[in-house]
2 protein chains.
Amino acid sequence: MARLKLKLQLYCGDEIAMGPGKADLLEAIAREGSISAAGRAMGMSYRRAWLLVDTMNRCFNAPLVETHPGGGKQAGAKLTQEGEAALAAYKALSEQVEHGVAGAGHQALEAAIRREPLPARS
Amino acid sequence: MARLKLKLQLYCGDEIAMGPGKADLLEAIAREGSISAAGRAMGMSYRRAWLLVDTMNRCFNAPLVETHPGGGKQAGAKLTQEGEAALAAYKALSEQVEHGVAGAGHQALEAAIRREPLPARS
């Protein structure tokens, strides 16, 4: 049975304000309490995690993540009220969309796809 | 207003059997009549276009694209009946999903996103 994967992305200009990876990062920050620990838990560098947070903070009306005074790599971080709300709204929307993917089109397409691909020709 | 973008991907094992890029490539092959011309029209190399076609052909029960005898880079290509059906089903499913994305979650999230991001700190 083919697995269906939905990626829901919200753009702000040419930048992605919110998507699956950013939502996962927000969850990790809420759980881990810092950007560096969240990045580590997701297997990404501190720089990459920081850039994703910076993009979100620049794209939303209010920052989604706030770092404790002092800043830098060791500083703690947490979601703002707006961050909690944006994450909850994104997750609700994603579930809503996934539920919308029932129907004939889906079944027909899945039925036409193999369980595993044939091997690539070498 | 934030733009919403949905990517619908169907997996076969670890490979993507069908997604936005592969659907666009199928449309281009149907229009251009060859893999190389379709790749050119999409700004991708012949090798990249060929690999995407090969993945689709290995993931579906029947090949989606057939090349005319003789093969190679100059050979013509067209969608099989299964290719036409898979493309139509994917497009129908994508539209269905996009229509499913109305509702409160969407509005609240869009309202929280700026029209353009704030400039990045240099």
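Predicted, not measured: the structure shown is a model, and the values here were computed from it.

Asks: It is not clear to me how the sheet that holds strand S2 (residues 15–18) of chain A should be interpreted in this structure. Could you clarify?
Replies: Sheet strands line up and pair through hydrogen bonds in the backbone, either parallel or antiparallel. If you trace the four strands from one edge of the open sheet to the other, you get S2(A)-S1(A)-S1(B)-S2(B), paired in antiparallel fashion. Two strands close off the open sheet at either side, each with one partner strand: S2 of chain A together with strand S2 (15–18) of chain B. Strand-to-strand twist in this sheet, taken as the mean axis angle between neighbours without regard to direction, amounts to 55°. Note: strand S1 (residues 3–12) of chain B against S2(B), three bridges, orientation antiparallel. Paired with B:Cys12 across the strands is B:Glu15, a residue of S2(B). Here helix H4 (residues 81–99) of chain A sits on the sheet and contacts strand S1 (3–12) and S2 of chain A together with S1 of chain B; the angle it forms with S1(A), its principal contact strand, is near 135°. Sheet strands in contact with helix H4 (residues 81–99) of chain B are S1 of chain A together with S1 and S2 of chain B, and its direction is about 135° off that of S1(B).

Asks: Where do I start with the interface of chain A and chain B in this structure?
Replies: Many authors give the size of an interface as the accessible area that is lost as the parts come together. Between chain A and chain B, the residue contacts involve 46 residues of the former and 46 residues of the latter. Buried surface at the junction of chain A and chain B, both sides included, amounts to about 4,200 Å², of which 58% is carbon and sulfur. Of all residues in chain A, A:Tyr11, A:Arg58 and A:Leu109 bury the most surface against chain B, accounting for 15% of the area lost on that side. Counting across the interface, chain A meets chain B through zero salt bridges. Viewed at the interface, chain B and chain A are joined by 19 residue pairs in polar contact (both at pLDDT 80 or more). Broken down by secondary-structure element, the contributors of at least two residues to the side of chain A that touches chain B are S1, S2, helix H3 (46–59), H4 and helix H5 (104–111) of chain A.

Asks: Explanation requested: the relation of the copies chain A and chain B in the structure shown.
Replies: Each of the two copies of the chain can be brought onto the other by a rotation about an axis and a shift along it. When chain A is fitted onto chain B, the two copies agree to an RMSD of 0.0 Å after a turn of 180° and an axial shift of 0.0 Å. Between the two chains, the operation in question is that of a two-fold axis. For chain A, the minimum C-alpha distance to the rotation axis belongs to A:Lys7 and amounts to 2.4 Å. Most of the interface of chain A is mirrored in chain B, where 100% of its interface residues are also at the interface.

Asks: Sorry if this is basic, but what is going on with the pattern of salt bridges here?
Replies: Opposite charge on two side chains permits pairing when their charged atoms draw close. This model, assessed by the stated rule, comprises 10 salt bridges over all chains. Taken together, the shared-partner salt bridges connect A:Glu15, A:Asp54 and A:Arg58 into one network.

Asks: For this particular structure, what's the right way to read the side chain of B:Gln9?
Replies: On the secondary structure map, B:Gln9 appears in strand S1. We classify B:Gln9 as buried; its relative accessible area is 8%. With sequence-adjacent residues up to four places away left out, B:Gln9 is seen in contact with A:Arg3, A:Leu4, A:Lys5, A:Lys7, B:Ile16, B:Met18, B:Gly19 and B:Pro20.

Conventions we followed
- Residues numbered from 1 in each chain as written.
- Chains lettered and ligands numbered in written order.
- Predicted model: local features only at pLDDT ≥ 70, side-chain atom pairs only at ≥ 80, totals over all residues.
- Heavy atoms only, no water.
- Pairing = 2+ DSSP bridges.
- Helix = DSSP H or I, 4+ residues; strand = E, 2+ residues; numbered from the N terminus.
- Axes fitted to C-alpha atoms, helices over the stretch in contact; angles between N-to-C directions.
- Contact = heavy atoms within 4.5 Å.
- Buried area = accessible area lost by both parts, 1.4 Å probe.
- Salt bridge = Lys/Arg side-chain N within 4 Å of Asp/Glu carboxyl O.
- Polar contact = N/O pair within 3.5 Å; in protein donor to acceptor, adjacent residues only side chain to side chain.
- Least-squares fit on C-alpha atoms with pLDDT ≥ 70 in both.
- Buried < 20%, exposed > 50% of the residue type's maximum accessible area, 1.4 Å probe, protein only.

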